[in-house]
Every structure is written in C-alpha cells, then in structure tokens.
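# Observations on chain architecture
Letter by letter, the chains look like this.
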Amino acid sequence: MKFQRIKGTRDIYGKEYEILMEFYQRAKKTMDKFGYSFIITPTFEDVNLFIHSTGETTDIVEKEMYVFEDKGGRKVALRPEGTPSVLRAILENDIEIPCKVAYFANMFRHEKPQKGRFREFYQLGVEYIGYIDPLVDFEMFLIIRELMDIFEVKNYYFEVNSMGCIDDRKRYKEELKNYLSEKLEVLCNDCKRRFQRNPLRILDCKIDAEKIKDFPRITEFLCDGCAEHFEKLKMYLNKNNIKFSINPKLVRGIDYYTKTVFEVKSGRLGAQDALGGGGRYDGLMKIIGGPDTPACGFAMGMERIMLASEYKLPYEKDLIFIVYTSPELKEKAYNLYLFLTKETLKCDIVLDTKSLKSQMRRANKKGAKYVVILGEEEEKMGGYKIKDMEKGEEKFIKKENLPDYFKNI
Ligand code: HAM
C-alpha cells in the first residue's frame, strides 16, 4: 500500500532543508541582536483563541482553519497564525511586559494550494509588546530590511497603510458602506456577502477593483492621534532611507490591526507576492483577557522567502567520505568514521560492502570534498590515501596526522 502527502503539504529535505535551517540560524542571530527571545507555543490551541483574536468574520477563521474535536471533546484548531498564541502565552506565563518575542513555526490554513501557498507552511514571526511609540512600528521595518539582506532577497518593496483606531475604523466602515451600497449590485457574489460581515475586505477583491476605484481612503478618517502616529512612522522611514508606498487598499486579512499595517512584497513571486505582513494590534491583549497593552509585529512566509531568495548553498561541501578496498577493512573504516565524527567533521561511509569504484561513485554523488581511502597497502604503511575530489589529487597521510590535516584545510 502506498501513501501520499496530504494536498498542500510538503516534505522538506536535502538542499531546501539546509537552506531553511541556515535561514533560521541567520534570523536567530538578527533577532538576538535586536533583543528578541524565541518562543515555542503548542501547534494546536482552543479554537476560541483564534475566533476571538484573528476574527470571526475573517477568511482564516471562517474558511481556512483546521478544527477538530479531541478525545476529551475539546474543540481545538491547528494554529493558522502565531500572534494569538504568543499573547496567550505571555499572559498565561506571566511574562513581563514590555517584551520582544520571536518564533519560527509551522502554520496551517486550508487554502487553495498554488505557488507559494500551502496548507502547512513556516513563518518567522516577531512581536513587540508594550509600547505605543511609532518607533516600535519603525523597528519592524528595520528588522525586515536586515532579514531581507541576510536571506539575500533583492527587489522587495514595502506597502504601508494606517487602519486607525477602533473608533476611526467604525466611522470609516460606515462611510465605506455608504459608498459601496450604491455599487452593491455590480459587485461579485463574494463581495456582496462581505458587505454585511466585513466590508473592508471588499477593498482586497481582485475582481471588483476597477468598479470601486474611487473608494474613500481610510487615512482621511484618522483621528489626530492616529494621524500623528502615521506621520511619525513615515518620517522615520524616510529619514532611514526605507522606501515604501502607501497602499490605501491594504487592510490585511486579520481583524486585530489598529493604526499601522504593512506588507513586504516581491516581484519574483507571482500572485502570492506577500513575503510578509504585519502591523500594530493595540486592542488584542485586552480582547484575550489581558491588560490594555499596545503591540506591533509581523510574520514572514519562509517558503516564499526561499522562492524569492538568491541565496545558494555553497557548492564546496566539507563532507569527508570514507571508503575501503576490501570487506575485511570495513570495521577499521567504520572506527575511523566514528573517530572523525568525534572531531566534529562531517563524515559518511558506505556499509553494504561494495567495490571501491561504486563507493567512489557514491562519494561523488554525495558531493564529498575529500575521500579517505583505507587500503591494504596504506595499512601496511600506517596511514591512508586522501583524495581531494575537486582537484583530483591524491596524497598519503600518516594515521596520527589525519585530524590535523583536515583541521588545517
Ligand atoms: P499573514 O499576512 O496572514 O499575517 O501571514 C504572514 C505571511 O505568512 C504572509 O505574508 C505569507 O508570506 C505567509 N503565508 C500566509 N499564508 C500562507 C500560505 N497559505 N502558504 C504560504 N505562506 C503563507 C500573520 O500571520 C500575522 N500573524 C502577522 C503578524 C504578526 N501581525 C502582527 N504580528
């Protein structure tokens, strides 16, 4: 009986795995520098956490969540995003606020799979909790700029908007509904449905974009505080040479945002062009039962980062392959393999005894940089033959000199 992966999921292995881990390590260094601590939260949570925070009328909660009842009759969801879990964890563990938290984790959304869109995918997420200061919003852009550098993503661009505070949004929603009510008949069925439940999402619609070109801009409905916050952020970005454009249609698919929202996009990705997105969410902590606490954050889709990245694994690998000329030498060869792994060198060996030629072929295929050959001749002389696979050169090395030989090259 043969099995297949569930649609929209992937096996990550070989080079892709190496790149993902390399990116994780690079990201960890960056986040350490900015003073963020990593957190691992559970893969599944009480479904109500997402209903209340991500938002009942969002596509994520309405259509895309993997929800099931566990054996205790609890309704749980595979996390579709990390922000609600992080806030829950901060509250539940009494983590001191202000705090800066990051995570690298798999998320689950039952979306239609396509290039850059999966049902299980990895996010690098960053949350800065505790300050209303627009410097926090600005820091998100700084971090993203550094991440783009270390992930070797070029030609990315930022889109920014402000959603205002809850009151601003309420006023704006009314205005938008007034405007849309006159166009309702010509809008697509999805938008007709969104009109009552979540009119802001109509701005996102690709089908109706032309029909609502002259929609009212949310930035014209901001109160003084929100307008000033937005102005300051733009000033910090300009002063620091971070290029962005204002996208008045950018409302994001999640309910908790207040004030700043942004996305970082790439021209290399096709339809799923958002490498990452985020914004401020000053009301969320209170919604999930905590103190009234401002916060801001973002998350990046690692699969999309890998698609857009120009990073290539260095060809030069440091793998040392051990081969032997007769079955009698296999045990000795294996001991040498163990010895070298203790020296933290990257080694491999073939165990189903094969001809020297086929062992060499295997070494080549694995991209070995050096092959250590154990042969009767070399045994008698108390050493090994070493072949440099790139240069094709061979030389004899005494046993006791082997670790130093590898250390010095
Ligand atoms: P989001 O925009 O829903 O925000 O997701 C962030 C990023 O995750 C997207 O820009 C995209 O790169 C990636 N992503 C989303 N869905 C998929 C998918 N189906 N397949 C592959 N990649 C995907 C959030 O999740 C918020 N929690 C971000 C945030 C943090 N806001 C404040 N703090």
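Worth saying up front: this structure is predicted, and the values here are computed from it rather than measured.

### Topic: helix α4 (residues 83-92)
Summarising burial for α4: seven of the ten residues are buried, a large majority. Contact partners of the buried residues in α4: β2 (44-46), α2 (47-53), β5 (99-108), β6 (120-129) and α9 (284-287). Once α4 finishes, D94 follows within two positions and takes phi at roughly 55 degrees, a positive value.

### Topic: the packing of helix α5 (residues 134-150) against helix α8 (residues 224-239)
Between α5 and α8, the least distance of the axes is 9 Å, while the angle of their chain directions is 40 degrees. Between α5 and α8, the crossing angle belongs to the class labelled oblique. Like other packed secondary-structure pairs, α5 and α8 cross with a definite hand, here right-handed. Together, P134, L135, D137, F138 and F141 of α5 and H229, K232, L233, Y236 and L237 of α8 make up the contact between the two elements. Across the contact of α5 with α8, the residue classes break down as seven nonpolar, one polar and two charged.

### A closer look at helix α6 (residues 166-181)
For α6, with 16 residues, the first-to-last C-alpha span of 22 Å sits near the 22 Å given by 1.5 Å per residue. Inspection of α6 places D168, R169, Y172, L176, Y179 and L180 among the buried residues, and these make up the whole buried set. Along the axis of α6, the buried positions cluster into a sector of 90 degrees, meaning they face one direction only. Of the exposed residues in α6, the ones pointing more than 90 degrees away from its buried face are I166, D167 and K170. Check the buried side of α6 and you find it contacts α7 (189-197), α8 and β9 (258-266).

Calculation criteria
- Residues numbered from 1 in each chain as written.
- Predicted model: local features only at pLDDT ≥ 70, side-chain atom pairs only at ≥ 80, totals over all residues.
- Heavy atoms only, no water.
- Buried < 20%, exposed > 50% of the residue type's maximum accessible area, 1.4 Å probe, protein only.
- Helix = DSSP H or I, 4+ residues; strand = E, 2+ residues; numbered from the N terminus.
- Contact = heavy atoms within 4.5 Å.
- Axes fitted to C-alpha atoms, helices over the stretch in contact; angles between N-to-C directions.
- Parallel < 35°, antiparallel > 145°, perpendicular 65-115°, else oblique.
- Left-handed = near helix turned anticlockwise from the far one by under 90°.
- Nonpolar A, V, L, I, M, F, W, Y, C, P; charged D, E, K, R; others polar.
- Expected span 1.5 Å × (residues − 1).
- Arc of directions from axis to C-beta.

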